[in-house]
Amino acid sequence: MSNGLLALGTLSQRIARDTGRLPAQLGWYLLAIGVPLQILYPVSGAPGLIVLGVLALLAARRDSAGESRRTPLSTTTDREHCS
């Protein structure tokens, strides 16, 4: 499971870096993993996943409302400079 979470995290980081927005889908995925995990294994790291899922949804909602927009990086040079 940790490999899947790592994949979600690195993909979301790449998308956020390239577009300037965090995808809401990430929040839903984290909740879809965290809520059942919390029910099945209450003494796990599931509360952290749930909190991260809610925060990701809030960030995506804020971004879609236009409060925090930035233009996507357009050139490879710009991307390498920001890394």
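This write-up is about the structure you can find in this document.

Calculation criteria
- Each chain has its residues counted from 1, running along the sequence as written.
- Under the rules for a predicted model, residues below a pLDDT of 70 receive no local features and side-chain atom pairs below 80 are neither given nor counted, while totals for whole chains, interfaces and linings still include all residues.
- As a rule here, side-chain values cover all heavy atoms of the structure and leave hydrogens and water aside.
- Think of each axis as a best-fit line through the C-alpha atoms, taken over the contacting stretch in the case of a helix, with angles from 0 to 180 degrees between the N-to-C directions.
- Each helix is a run of DSSP H or I of at least 4 residues and each strand a run of E of at least 2, with the numbering of both proceeding from the N terminus.
- Angle categories are assigned with fixed cut-offs, so that under 35 degrees is roughly parallel, over 145 is roughly antiparallel, 65 to 115 is roughly perpendicular, and the rest are oblique.
- Handedness of each helix crossing follows the sense of rotation of the near helix against the far helix: counterclockwise by less than a right angle gives left-handed, clockwise gives right-handed.
- Contacts: residue pairs with any heavy atoms within 4.5 Å of one another.
- Classification used: nonpolar for Ala, Val, Leu, Ile, Met, Phe, Trp, Tyr, Cys and Pro, charged for Asp, Glu, Lys and Arg, polar for all others including Gly.
- Helix span, as expected, comes to 1.5 Å for every residue beyond the first.
- Burial here depends on accessible area, computed with a 1.4 Å probe over protein chains only, as a share of the maximum for the residue type. Under 20% is buried, over 50% is exposed, and the range in between is partly exposed.
- Summarising the geometry, the arc corresponds to the directions from the helix axis toward the C-beta atoms.

**Here we look at the packing of helix H1 (residues 2-19) against helix H2 (residues 24-40)**
To describe two helices that pack against each other, one gives the angle between their axes and the distance between the axes.
Then step 1. For the pair H1 and H2, interaxial distance at closest approach is 11 Å and the crossing angle is 165 degrees. By the angle between their axes, H1 is roughly antiparallel relative to H2. Judged by the twist between their axes, the crossing of H1 over H2 is left-handed. Taking contact as the criterion, the partners of Leu5, Leu8 and Ser12 in H1 are, on H2, Leu26, Tyr29, Leu30 and Ile33.
Then step 2. The class makeup of the residues in the contact of H1 with H2 is 6 nonpolar, 1 polar and no charged.

**With respect to H2**
Then step 1. Compared with an ideal rise of 1.5 Å per residue, which puts 17 residues at 24 Å, H2 spans 25 Å between its outermost C-alpha atoms and is within 8% of the ideal.
Then step 2. Those residues of H2 that sit buried are Leu26, Gly27, Leu30, Leu31, Gly34 and Leu37. Along H2, the residues classed as buried sweep out an arc of 150 degrees about the axis, all on the same side. Structural note: H2 exposes Trp28, Ala32, Ile39 and Leu40 on the side pointing more than 90 degrees away from its buried face.
Then step 3. Contacts from the buried residues of H2 go to H1 and helix H3 (46-64).

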